[in-house]
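Spelled out, the chains give:
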Amino acid sequence: MIAVTLQQLWARTRRLVGTGLAVVFGIAFLAGTMVLTDTMRASFETMFGQANAGIDAVVRGTASIGTDLAGQTAQVDADVLDDIRTVDGVATAAAEVEGIAQVLAADGTAIGGDGPPTLGLGWIDDPTLSSYELVDGRAPTGPGEIALDTATAERGELGVGDTTVVRTPAPVDVTVVGLVDLVGGTPSDGPTFALFDPTEAGRVLLGRTDVVTRIIVAAETGVDQQVLVDRIQPLLPDGAEALTGAALNEELVDEVGVEFLDFFERMLLVFAGIALLVATFSIFNTFSITTAQRTQQSALLRTLGATRRQVLGATMLEAVVVGVVASTVGLLAGLGLAAGLIRVIVAQGWIVDSGGPVVMGDTAIAAVVVGLVVTVGAGVVPAIRASAVAPLEALRRADIDRSDTSVVRAVVGTLLTVVGLGLLWAAPRAADALLPMAGGAVATLVGLVVLGPVVARPAAGLLGAGLLRLRGATGALARENAMRNPRRTAATASALMVGVAVVTLFTVVAASIRATLDTEVRRSFGGDLVVMSEGFSGSGLDPALAPELQADSVIDRALALGLGAGLVDGEELVFSVADPAAVEEVIDLEVTAGALADVGHEGIAVSADHAEAAGLAIGDPITMTFVDGVEQVLTVEAVFAAGPGDGLSTHLLAPEAYAPHAIQRSDTTIRILLADGVSVADGRTAVEAITERFGSPVVLDREEFSAEMSSDVDGVLAFVYGLLALAIVIASMGIANALSLSVHERVREIGLLRAVGQTRRQLRAMVRWESVLVAVFGTVGGLGLGSLIGWAAMRATAASEGIGTFALPTTQLAVVLAVGAAVGVLASVRPARRAARVGVLTAIATE
């Protein structure tokens, strides 16, 4: 049996290529993802290790609160530096000052700020501790002077002697006096570095010169890092700690992993899983067709004495061989894909070159195992069917597909679909809507797959009704071909249905998010203009800008919104900072209890959802611990209903309550209400004249602001479409493979059609339209399933968050439908050509 199986595999190599390619693509995506993220992690390890090679110990504040957008880290008294220099084993030590500083390019636009940090640093002269080296010009030595890293200077078209502005967030006029390269390299499109004179760095970045961000220490030769840390720690004041340089590097790499790489890898693995799921349908369909075509062969083997176990083993051996070969090829393709992507992202300046792809042993093992499991799992059911063939089946001339008349299939499929729809409907009422939603989506998908053969015949007949008039006899034959084998039609369409469903889900959710944001902005924002900085990780806005705008006669109210961070009951909390009395004038905020005007330097306002969850009421105390170690008891003075268009967090503090504890405070946006009678155009002119003195942040009207808030959704959606394209490609390969196998099965029929006068062109058109019908069947199912899950997701959001607008993007979905039909056309090219090449006499003589 093994010899027969291997011989059959070799004889049908072409037929199995399509099956293998589905696995190859999926495993290539999986392996490429793992190699890419491992390489990026190694790149950051190399960069941090080389940049901090001379650092053996670091002294810093113990408190670190908040996210990148509102993060605060405790500072260290500058006097500690003198004490550390007296410690036995310390070769040298230096104070390091760090803050947010965004450099403006020669044309006045901001550099960076779309993810990687924009950093301002104090210059360190000691080459042992410095992570940069001067390559042109000189070091900054006083106010108004900076050095830039060469990557930032190149991006901004700045050189030694040029003048520019650095937002800290207050604008600082500077002259570039030097250019530096970072030891270990830095991505050219990564963080930006502006280096100030050490005293000037403290003044512009920290607002004071008696504290520093951290102190870095180099040990004498032969002194162990941990020993040095143990000697330094007793000298440190409360709220400060020492750690080794190795621990610092490990922490930096972990931060990059948690904040970016781990999320990036998980996201790519999700899409690799979708591609493999689609591949599973294609593999299952191919094995099902080949098993059905070998019914007589399996029956003859049984007649000659082969047992069911042997036939089952032979079919599973075929799946194992295909799985091993395809997984191995997919692994190699994934390595090539990762190598190409790494070259691209290095060239784009997102990471530094760490010496090529990093391939871990678990990556290779995982890729081969997953590919084998997917292939063998998809081949189990066809293998069982093959083993169940009775010897008398060898006497039959044809196998008639009657799966559409199966009562059991219809009942089971209907029950699964009803249960899935019920879970989707009930999900918003559950405490955690995600679990019933996921269960409902899976149950509905499985139900539709089970029902596929039952509905395939009438659906193909309905979708192909127009072909009778459009293409005449050719269209009628294509329609009949799609109808006569409902199991094959449904199985072929299922792979495409899964891919289209995921595409549709993201499209519907993205459109709904845009509609929700637009609705909330229009509902809550009663102002006319918004001032905001470019990007989301830049310097923000100078807190002095809002008072300047407020003083202008064309402006009725300028409301500055900022972010802060603190600890409440040991948990990190990011809160909004704004003038409570002014909030209600610009934002249509629904206050359900208390009054915002009562929130002063000892009060706080909380959202209604948080108040309900935490059991808070007017007059209740909240103990807030700020990053400087100060604890303050704040009293709940107001409860409000928050929405995404408000721009507010779950907690709101007044600026005077947060200012004493902020390290480098900035505003995120300023919402402006113009005076009566002032047009938006005139107001924008007046506002831009003022903002020009503050680094020229962006000025938007309400419509532009709403579009800006939802612009990130479009960027993410484009990225998702790119990833999901692989699933659609695999699905199209499944259709092409099924058609090719179908053509092989219908050689005699094709010969008879040619004999009675069908031309090659008509034959190609028949196969093409059959493919289009199958593709449209799968696409329509995917559109319906994806839209349904998207609707359920927005209902769940509306139930849990109190907001959520469902939007059905008909134009985009029409494009998806057209793409589905195009997939059918492309998938039919090779099978149609193969059918047209069949010789008439040869086909008629085929048994």
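On to the overall build of the protein, then. A tally of helices and strands in the protein yields 25 helices and 26 strands. Restricting the contact set of the protein to residue pairs at least 6 apart, pairs at least 24 apart contribute 82%. Carbon and sulfur atoms form 59% of the exposed surface of the protein, whose accessible area is close to 36,500 Å².

Looking now at the sheet that holds strand E16 (residues 240-244). With antiparallel pairing, four strands are arranged side by side in an open sheet as E5-E15-E1-E16. Lying at the two open borders of the sheet, with one neighbouring strand each, are strand E5 (90-96) and E16. Across the sheet, the axes of successive neighbouring strands diverge by a mean angle of 20°, strand direction being ignored. Of the strand pairs in this sheet, strand E1 (residues 57-61) and E16 are connected by five bridges, and their pairing is antiparallel.

We now examine the confidence of the model for the protein. Interpreting fine coordinate detail is not advised for predicted regions of low pLDDT. On average, residues of the protein score 84 in pLDDT, and 89% of them reach the 70 mark or higher. Considering each helix and strand of the protein separately, the mean pLDDT is smallest for helix H1 (residues 2-11), with a value of 57, and largest for strand E10 (residues 145-149), with 96.

The next point concerns the pairing of strand E13 (residues 192-196). Counting buried positions along E13 yields five of five residues, so the element is predominantly enclosed. Of the two faces of E13, both are covered, the one formed by Thr-192, Ala-194 and Phe-196 as well as the one formed by Phe-193 and Leu-195. Here five bridges tie strand E8 (residues 118-122) to E13, and the two strands are oriented parallel to one another. The partner of Thr-118 across the bridge, within E13, is Thr-192. Looking at chain direction, E10 and E13 are connected through three bridges and run antiparallel. Across the sheet, Leu-148 pairs through a bridge with Ala-194, a residue of E13.

Attention shifts here to unusual backbone geometry. The amide bond that connects Thr-168 to the next residue, Pro-169, takes the cis arrangement and shows omega of 0°. In the Ramachandran plot, Asp-569 falls in the positive-phi region, its phi being about 55° despite a non-glycine side chain. With respect to the secondary-structure elements, Asp-569 resides in the loop between strand E18 (555-568) and strand E19 (571-577). On the basis of relative accessible area, Asp-569 is assigned to the exposed category, the value being 75%.

Taking 1.5 Å of rise per residue, the 27 residues of helix H24 (residues 810-836) would be expected to cover 39 Å, and the 38 Å separating its terminal C-alpha atoms lies within 8% of that figure. Val-829 marks where H24 bends most, by close to 40°; the proline Pro-831 follows one to four residues later. When we look at burial in H24, the residues that qualify are Leu-813, Val-816, Gly-820, Val-823, Gly-824, Ala-827, Ser-828, Pro-831, Ala-832, Ala-835 and Ala-836.

Alternating residues of strand E17 (residues 529-532) divide into Leu-529 and Val-531 and Val-530 and Met-532, and every residue in both groups is buried. As defined by bridge partners, E17 adjoins strand E25 (residues 667-674) across four bridges and the pair is classed as antiparallel. Paired with Met-532 across the strands is Thr-669, a residue of E25. Examined bridge by bridge, E17 and strand E26 (residues 698-701) share four bridges and lie antiparallel to one another.

Here the focus is the packing of helix H12 (residues 434-463) against helix H14 (residues 472-484). Where H12 meets H14, the axes come as close as 8 Å, and the angle between the chain directions of the two elements is 165°. If you check the angle between H12 and H14, you find them roughly antiparallel. Considering how the two elements wind past one another, H12 and H14 form a crossing that is right-handed. Of the residues in H14, those touching H12 at Arg-457, Ala-460 and Gly-461 are Arg-479, Ala-482, Met-483 and Arg-484. Partitioning the contact of H12 with H14 into residue classes produces three nonpolar, one polar and three charged.

Now for the nonpolar core. Ranked by internal contacts, the top residues of the largest apolar core, which has 69 residues, are Phe-29 and Leu-496. Considering each element in turn, this core owes the most residues, 15 residues, to helix H7 (residues 245-293). In contact with Phe-29, not counting residues within four places along its chain, are Leu-268, Phe-271, Ala-272, Ala-275, Leu-723 and Leu-726. Ranked by size, the runner-up nonpolar core spans 46 residues in total, among them Leu-81, Ile-84, Ala-93 and Ala-194.

This part covers a positive patch on the surface. A cluster of basic side chains, namely Arg-471, Arg-760, Arg-761, Arg-764, Arg-768, Arg-830, Arg-833 and Arg-837, defines a positive patch on the protein surface. The biggest single contributor to the positive patch is helix H23 (residues 760-801), with four residues. Along the chain, the position of Arg-833 falls in helix H24.

Attention now moves to helix H6 (residues 225-232). For H6, the complete set of buried residues consists of Leu-228, Val-229 and Ile-232. Projected down its long axis, H6 carries its buried residues within an arc of 100°, all on one side. Considering only its buried residues, H6 is in contact with E1, helix H3 (80-85), E5, strand E15 (214-219) and E16. Regarding H6, its N-cap is Asp-224, as a side-chain oxygen of that residue lies 2.9 Å from the backbone nitrogen of Gln-226 further along.

This next bit is on empty space enclosed by the protein. Applying the stated rule across the entire model yields two cavities of 30 Å³ or more. When its volume is computed, the second largest cavity comes out at roughly 30 Å³. Lining the second largest cavity, in full, are Arg-167, Pro-169, Gly-540, Leu-541, Asp-542, Leu-545, Phe-694 and Pro-697. In terms of residue class, the lining of the second largest cavity is made up of five nonpolar, one polar and two charged.

Bringing the packing of aromatic side chains into the picture now. Any two aromatic rings considered together are summarised by their centre-to-centre distance and by the angle between their planes. According to the stated counting rule, one finds six aromatic pairs in the structure shown. On the basis of an interplanar angle of 85° and a centroid distance of 5.3 Å, the ring pair of Phe-575 and Tyr-658 is categorised as edge-to-face. A residue pair is termed long-range when its members are at least 10 positions apart, and Phe-575 in strand E19 and Tyr-658 in helix H19 (residues 655-658) qualify at 83 residues. Here the two residues Phe-575 and Tyr-658 agree in accessibility, since each one is buried. Through pairs of rings, three or more aromatic residues link up here, namely Phe-575, Phe-626 and Tyr-658.

Another point: the packing of helix H11 (residues 407-426) against H12. Where H11 contacts H12, the two axes come as close as 7 Å, and the packing angle between them is 155°. Judged on the interaxial angle alone, H12 and H11 are roughly antiparallel. Considering the relative orientation of H11 and H12, their crossing is left-handed. Its residues assigned to classes, the contact of H11 with H12 comprises 16 nonpolar, eight polar and one charged.

Let us look at a negative patch on the surface. A cluster of acidic residues, Glu-45, Glu-250, Asp-254 and Glu-255, forms a negative patch at the surface. Counting residues per element, the negative patch draws most heavily on H7, at three residues. Mapping Glu-45 onto the fold places it in helix H2 (residues 13-51). Residue Glu-45 is classed as partly exposed on the basis of its relative accessible area of 44%.

Here is what the cut-offs are and how they apply
Residues numbered from 1 in each chain as written. Predicted model: local features only at pLDDT ≥ 70, side-chain atom pairs only at ≥ 80, totals over all residues. Heavy atoms only, no water. Helix = DSSP H or I, 4+ residues; strand = E, 2+ residues; numbered from the N terminus. Contact = heavy atoms within 4.5 Å. Areas by Shrake-Rupley, 256 points an atom, 1.4 Å probe, with all protein chains shown as cover. Pairing = 2+ DSSP bridges. Axes fitted to C-alpha atoms, helices over the stretch in contact; angles between N-to-C directions. pLDDT = per-residue confidence, 0-100. Buried < 20%, exposed > 50% of the residue type's maximum accessible area, 1.4 Å probe, protein only. Expected span 1.5 Å × (residues − 1). Bend = angle between axes of the 7 residues up to and from the residue. Parallel < 35°, antiparallel > 145°, perpendicular 65-115°, else oblique. Left-handed = near helix turned anticlockwise from the far one by under 90°. Nonpolar A, V, L, I, M, F, W, Y, C, P; charged D, E, K, R; others polar. Core = buried A, V, L, I, M, F, W, Y, C linked by side-chain atoms within 4.5 Å. Patch = residues over 30% accessible without salt bridge, like charges linked within 9 Å, V, L, I, M, F, W, Y side chains within 5 Å. Salt bridge = Lys/Arg side-chain N within 4 Å of Asp/Glu carboxyl O. Lys, Arg positive; Asp, Glu negative; His and termini not counted. Charge placed at Lys NZ, Arg CZ, Asp CG, Glu CD. Arc of directions from axis to C-beta. Polar contact = N/O pair within 3.5 Å; in protein donor to acceptor, adjacent residues only side chain to side chain. 1 Å grid on protein atoms, 1.4 Å probe; cavity = no way out; pocket = protein on both sides within 12 Å on 5 of 7 lines; lining within 4 Å. Points joined across faces, edges and corners; volume = space filled by probe spheres on them. Phe/Tyr/Trp six-rings, centres within 6.5 Å; stacked < 30°, edge-to-face > 60°.

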